[in-house]
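An overview of the molecular structure
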Amino acid sequence: MSTSNASFKNKCVAQVNCIFCENLLCTRGMKAVLLADTEVELFSTDIPPNRTVDFVASCYSTDSCKCKLRDIACLKCGNVVGYHVVAPCKPCLLSCNNGHFWMFNSDAVSTLNRLDATGLNLLLWGDLPELEDSENEESESPSEEECIRLL
Amino acid sequence: VSVAEENFIFNHFTINSYFSSFFLNILVDKPNDQSSRWSSESNYPPQFLILKLERPAIVQSITFGKYEKTHVCNLKKFKVFGGMSEENMTELLSSGLKNDYNKETFTLKHKIDEQMFPCRFVKIVPLMSWGPSFNFSIWYIELHGIEDPDVVQPCLNWYSKYREQEAIRLCLKHFRQHNYTEAFESLQKKTRIALEHPMLTHLHDRLVLQGDFDACEEFIDKAVKDGLFNQYISQQEYKPRWSQIIPKCNKGTSSQEISRDDVNKTVYLFGGWDGTQDLADFWAYSVLENQWACVSRDTEKESGPSARSCHKMCIDSQRRQIYTLGRYLDSSVRNSKSLKSDFYRYDIDANTWTLLSEDTSADGGPKLVFDHQMCMDSEKHMIYTFGGRILTCNGSVEDSRTSEPQFSGLYAFQCQAGSWSLLREDSCNAGPEDIQSRIGHCMLFHTRNRCLYVFGGQRSKTYLNDFFSYDVDGDHVEIISDGTKKDSGMVPMTGFTQRATIDPELNEIHVLSGLSKDKDKREENVRNSFWIYDIARNNWSCVYKNDQAVKENPNKTLQEEEPCPRFAHQLVYDEMHKVHYLFGGNPGKSCSPKMRLDDFWSLRLCRPSKEYLLRHCRYLIRKYRFEEKAQSEPLSALKYLQNDLSLTVDHTDPDETKEFQLLPSALFKSGSDFIPLGFSDVDQTYAQRTQLFDTLVNFFPDSMTPPKGNLVDLITL
């Protein structure tokens, strides 16, 4: 699913690292809020992070909505870092969303906003190539010069 | 890093890999700090953690700490090794952790035949984590044991001496195998260490040096008669031998209760369910006469119990009395009939029934139950009953919703005084003396160690896997297995209607299991398997699994017939003669659900007998003698084959016959084909005789034999 909504295109692309062991989890993260409870901030991504996380335990649902969820943990340290929406509920699916199904809890990750090719500007989601070309995107791990810490 | 632990100081780690992000600290127990652990870099083997103790010690137990929440990196499976050096370690423990937040402690092997041995190094090898794709983590470790030099030093001395002694014995064995007579005698004289028991030296002399085969046969004959092969026999696997009993006067029904009278070899059978109604007939089967006799067609008419099923009986062989308690009442009947738990006793010699109690519940005993268990303690004249589901009245419409089922606790009945006492209430607490009641379980009384053994069973929809013993004199519960660890394949699974018997002399529990949990596939899954639990060694072994394929094969001889699979059968054990009797049951045929079996089988668990082993050893000696003769005097060898050697072969056994028929080929082989590996510098005859000697000594107890290993095997390329 591509991020068609204009406001999403202007969001920064974040590199997401596990806060416990600093393992790189994902290079295509977006800061977002939880649809069911907009007080909750998290980072989402569109591509399943492979070789960095794996599922733990079994599916569950929360009180806030009927989405079917499953926790994911960092493969290096085994700590739970987020969850995957296995099956979204109808209300969430129909409301305004960024189409991402992989979430990282903000207290479990540390993030860096990535820079674009020039190294001068922040990399935005609108700049990212479409998902089909994403293999190239994933295999490049951003070098230290590319990223600056925002906060 | 050197931190004092409860008992031990370990000041050094060696690890195969570690994940650098964590503070490598398993010495500190911080359950709320996710980084306070050792974590492996990956989960590819080998991964390990070696702890070096500051001083050698007797390591008796290990405790693992955990994280405050469940964690995928917890060790589901691991092994612990220990030793005085890193290269030379023995396995001390093979187990797994529960995925929770509680500390767990395990006993480590620290004795060899009652002699404690010391360790300087302890190696923990994780094998599997709870999340298979995740790495291994250990949060906190404690080692406990004895560090006191006054205790450890003698063990160290013993260990040192033991190793030296075994090294010398290996040398002696090697020298003798290669006929270095001078070296052998010199070493033996200097060290005064015996390679083996003098009897076996004598055998070696006769067999290898003199080739006096007749003397060897006599020697083996005497050894078997003196019981020297008994240890070997006890280590062999049992083979089941079923045989159907066709009594002279047959009877029908199943789902009844039977007890056996050891002394008079009689099996008693009372009541039951024939598929449509409860029964009240009472039969006795005499094993000696192979005949059923009807003791009573309707016990109710003789002041005995009314028709019933799902009751339990126990027999007091000493006093020749039978007791019966409990029964099942259909829900339709429960409204009208009063739910009194009547308790009867039958006197065999007087052939009379006595009502001991109209309602045991009113006497302080159990309420009316079914699917409970009952055991007799003849020595102290007590009866123990445990479990069973309490029958409740259906009552009015308001109560029509099913309430929580209730289970009965553990009760004791003092036969002399006629009084009941409650030993344990049904409890779902996890205290050390708490026990959960259940139905369909097995309970056995061990007359020697005076313990009740309870395992399996069901509580509503839950199948229980636990196994515990209750010391009746000490009023103490001992949990043998809490059933949470899944040791699949090596423990009889619950969900099967199990029938069990106990042999206090052999210290074994025998279990015949039947029904599958999966009620939809009942027919395919009704398979019987027979298990033996060795109480001393605390391990289960499967002796027999009903082979469905066998039934279709028409070529199977009568001997190999076995009972068709079933559940809800009855099983009793004749301890004196070591025979099991199986009766009736439900074959679980979906096409005829009311069908019940009425067949009667005996089961003997056979190990190789002394006579068989004696014949086998004679065969080995004569076979070798034939092969030796074949080299020099082929005609004489052939005669020997046809006469003497043939006598030791069981010609009705296809395997033995086939092997025998291939032997004449030795007459045509040349000598060089026979040289065994590792004996290149020795005379061929000497080498082959040595091999025969090595084979024969295997039947003797380990305490008598030379070491099993060989010096040459220690050499690696």
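Residues numbered from 1 in each chain as written. Chains lettered and ligands numbered in written order. Predicted model: local features only at pLDDT ≥ 70, side-chain atom pairs only at ≥ 80, totals over all residues. Heavy atoms only, no water.

Our focus in this paragraph is the overall build of chain B. What chain B contains, in helices and strands, is twelve helices and 40 strands. Split into buried and exposed, the 717 residues of chain B put 49% on the buried side. The contacts of chain B with a sequence gap of at least 6 include a subset with a gap of at least 24, amounting to 61%. For chain B, the exposed area adds up to about 35700 Å²; of that, 49% sits on carbon and sulfur atoms. (Helix = DSSP H or I, 4+ residues; strand = E, 2+ residues; numbered from the N terminus. Buried < 20%, exposed > 50% of the residue type's maximum accessible area, 1.4 Å probe, protein only. Contact = heavy atoms within 4.5 Å. Areas by Shrake-Rupley, 256 points an atom, 1.4 Å probe, with all protein chains shown as cover.)

Before going further, it helps to examine the overall build of chain A. Scanning chain A from N- to C-terminus turns up three helices and nine strands. Listed by position from the N terminus, the elements making up chain A come as α-β-β-β-β-β-β-α-β-β-α-β. Within chain A, buried positions represent 42% of all 151 residues. In chain A, the share of contacts with a sequence separation of at least 24, taken over all contacts with a separation of at least 6, comes to 55%. As presented, chain A carries roughly 8400 Å² of accessible surface, and 52% of it is formed by carbon and sulfur atoms.

Now for helix α3 (residues 198-209) of chain B. All names here are of chain B. Over its twelve residues, α3 extends 15 Å from the first C-alpha to the last, a length consistent with the 16 Å expected when each residue adds 1.5 Å. Within α3, the full set of buried residues consists of L200, L203, H204, L207 and V208. Down the axis of α3, the buried set is contained in an arc of 105°. They therefore lie on one face. Packing partners of the buried residues in α3 comprise α1 (149-177), α4 (213-225) and α12 (684-697). Looking one or two places after α3, you find G211, whose phi comes out positive at around 65°. (Expected span 1.5 Å × (residues − 1). Arc of directions from axis to C-beta.)

Turning to helix α9 (residues 610-632) of chain B, a few remarks are in order. With 23 residues, α9(B) extends 34 Å from end C-alpha to end C-alpha; this agrees with the ideal 33 Å at 1.5 Å per step. At its buried positions, α9(B) is contacted by α4, α5 (230-234), α10 (634-647), α11 (654-662) and α12 of chain B.

Below, the discussion takes up the interface of chain A and chain B. Across the boundary between the two partners, chain A contributes twelve residues, which contact 13 residues of chain B. Across the chain A/chain B interface, buried area totals approximately 970 Å², and carbon plus sulfur atoms make up 52% of it. Remark: the boundary between chain A and chain B carries zero salt bridges. On the surface where chain A and chain B come into contact, there are six residue pairs in polar contact (both at pLDDT 80 or more). Those elements that place two or more of their residues in the side of chain A that touches chain B are β4 (53-55) and β5 (68-74) of chain A. When the residues that make up the side of chain A that touches chain B are grouped by side-chain class, the tally is eight nonpolar, two polar and two charged. (Buried area = accessible area lost by both parts, 1.4 Å probe. Salt bridge = Lys/Arg side-chain N within 4 Å of Asp/Glu carboxyl O. Polar contact = N/O pair within 3.5 Å; in protein donor to acceptor, adjacent residues only side chain to side chain. Nonpolar A, V, L, I, M, F, W, Y, C, P; charged D, E, K, R; others polar.)

On to the nonpolar core, then. Residues and elements named next belong to chain B. Of all hydrophobic cores here, the largest spans 40 residues; its most connected members are L207, I220, F229, F626 and F700. Secondary structure elements with two or more residues in this core: α3, α4, α9, α10 and α12. The element contributing the most residues to this core is α9, with nine residues. With residues near it in sequence (within four places) discarded, I220 still touches F229, L614, C617, I621, L696 and F700. With 24 residues, the next largest nonpolar core counts V59, L75, V122 and I141 among its residues. (Core = buried A, V, L, I, M, F, W, Y, C linked by side-chain atoms within 4.5 Å.)

All names here are of chain B. As summarised here, the arrangement of the four strands in space is β28-β29-β32-β33, forming an open sheet in which the pairing is antiparallel. Edge positions in the sheet fall to β28 (442-446) and β33 (476-481), since each of these pairs with one other strand and no more. Pairs of neighbouring strands in the sheet enclose a mean axial angle of 20°, with direction left out of account. Of the strand pairs in this sheet, strand β29 (residues 451-455) and strand β32 (residues 467-471) are connected by five bridges, and their pairing is antiparallel. Each residue of the ladder has a partner; that of L452, found in β32, is Y470. (Pairing = 2+ DSSP bridges. Axes fitted to C-alpha atoms, helices over the stretch in contact; angles between N-to-C directions.)

Take the side chain of T705(B) next. Residues and elements named next belong to chain B. Tracing the chain through its elements places T705 in the segment after α12. Of the polar contacts made by the side chain of T705, one reaches the backbone oxygen of D702; its length is 3.3 Å. What T705 contacts, discounting residues up to four positions off in sequence, is R169, L195, E196, L200, V697 and F700.

Let's shift gears to the state of the cysteines. A covalent bond between the sulfur atoms of two cysteines is referred to as a disulfide. Within this structure, the stated rule accounts for zero disulfides over all chains. C73(B) forms no disulfide, and the closest cysteine sulfur to it belongs to C77(A), at a distance of 7.1 Å. Using a relative accessible area of 0% as the deciding quantity, one classes C73(B) as buried. (Disulfide = S-S within 2.5 Å.)

Residues and elements named next belong to chain B. Even without glycine at this site, R192 takes up a positive phi of about 60°. Checked against the element boundaries, R192 lands in the loop between α2 (181-191) and α3. The backbone of R450 shows a phi angle near 55°, a positive value even though the residue is not glycine. Examined against the element boundaries, R450 turns out to sit in the loop between β28 and β29. Judged by its relative accessible area of 7%, R450 is buried.

Turning our attention to the sheet that holds strand β18 (residues 312-316) of chain B. Residues and elements named next belong to chain B. The antiparallel open sheet is built from four strands, whose spatial order is β18-β19-β20-β21. The strands lining the two open edges of the sheet, one partner per strand, are β18 and β21 (352-357). Neighbouring strand axes in the sheet, compared pairwise and without regard to direction, differ in orientation by 25° on average. Strand direction decides the pairing type here: β18 and strand β19 (residues 321-325), joined by five bridges, are antiparallel.

On to the confidence of the model for chain B, then. Parts of the model with low pLDDT should not have their predicted coordinates read in detail. All names here are of chain B. Per-residue confidence for chain B gives a mean pLDDT of 82; residues scoring 70 or more make up 85%. Confidence drops under a pLDDT of 50 for residues 1-9, and excluding neighbours within four residues, the segment shows 35 contacts in the predicted structure. Across the assembled chains, the prediction reports ipTM 0.75 with pTM 0.62. (pLDDT = per-residue confidence, 0-100.)

Before going further, it helps to spend a moment on the packing of aromatic side chains. All names here are of chain B. For the structure shown, the criterion picks out 41 aromatic pairs over all chains. For the pair F229 and F699, a centre-to-centre distance of 5.4 Å together with 20° between the ring planes defines the contact as stacked. Taken as a pair, F229 in the loop between α4 and α5 and F699 in the segment after α12 lie far apart in primary sequence, 470 residues in all. Classification of F699 as buried rests on a relative accessible area of 6%. With a centroid separation of 5.0 Å and an interplanar angle of 85°, the aromatic rings of F343 and F413 are classed as edge-to-face. (Phe/Tyr/Trp six-rings, centres within 6.5 Å; stacked < 30°, edge-to-face > 60°.)

Let us now look at the packing of α4(B) against α9(B). A pair of packed helices can be characterised by two numbers: the angle between their axes and the separation between those axes. Residues and elements named next belong to chain B. Two numbers describe how α4 lies on α9: the axes approach to 10 Å, and their chain directions differ by 165°. The orientation of α4 with respect to α9, classified from their angle, is roughly antiparallel. Helix-helix and strand crossings are classified by hand; for α4 and α9 the assignment is right-handed. Counting all contacts with α4, which are made through F213, D214, C216, E217, I220, D221 and V224, the residues of α9 involved are K610, L614, C617, R618, I621, R622, Y624, R625 and E628. Residue composition of the contact of α4 with α9, grouped by class: eight nonpolar, no polar and eight charged. (Parallel < 35°, antiparallel > 145°, perpendicular 65-115°, else oblique. Left-handed = near helix turned anticlockwise from the far one by under 90°.)

Below, the discussion takes up the pattern of salt bridges. Residue and element names in this part refer to chain B. Counted under the stated rule, the structure contains 34 salt bridges over all chains. Close ionic contact of D349 with R320 constitutes a salt bridge, the shortest N to O distance being 2.9 Å. Residue D349 is located in the loop between β20 (343-347) and β21, and its partner R320 is located in the loop between β18 and β19; the two are separated by 29 residues in the primary sequence. Classification of D349 by relative accessible area gives exposed; the value is 56%. Between E656 and R615 there is a salt bridge, with the nearest N and O atoms lying 2.9 Å from each other. Taken together, the residues E656 in helix α11 and R615 in helix α9 connect sequence positions 41 residues apart. Via salt bridges that share partners, E217, D221, K225, R618 and R622 belong to a single interconnected network.

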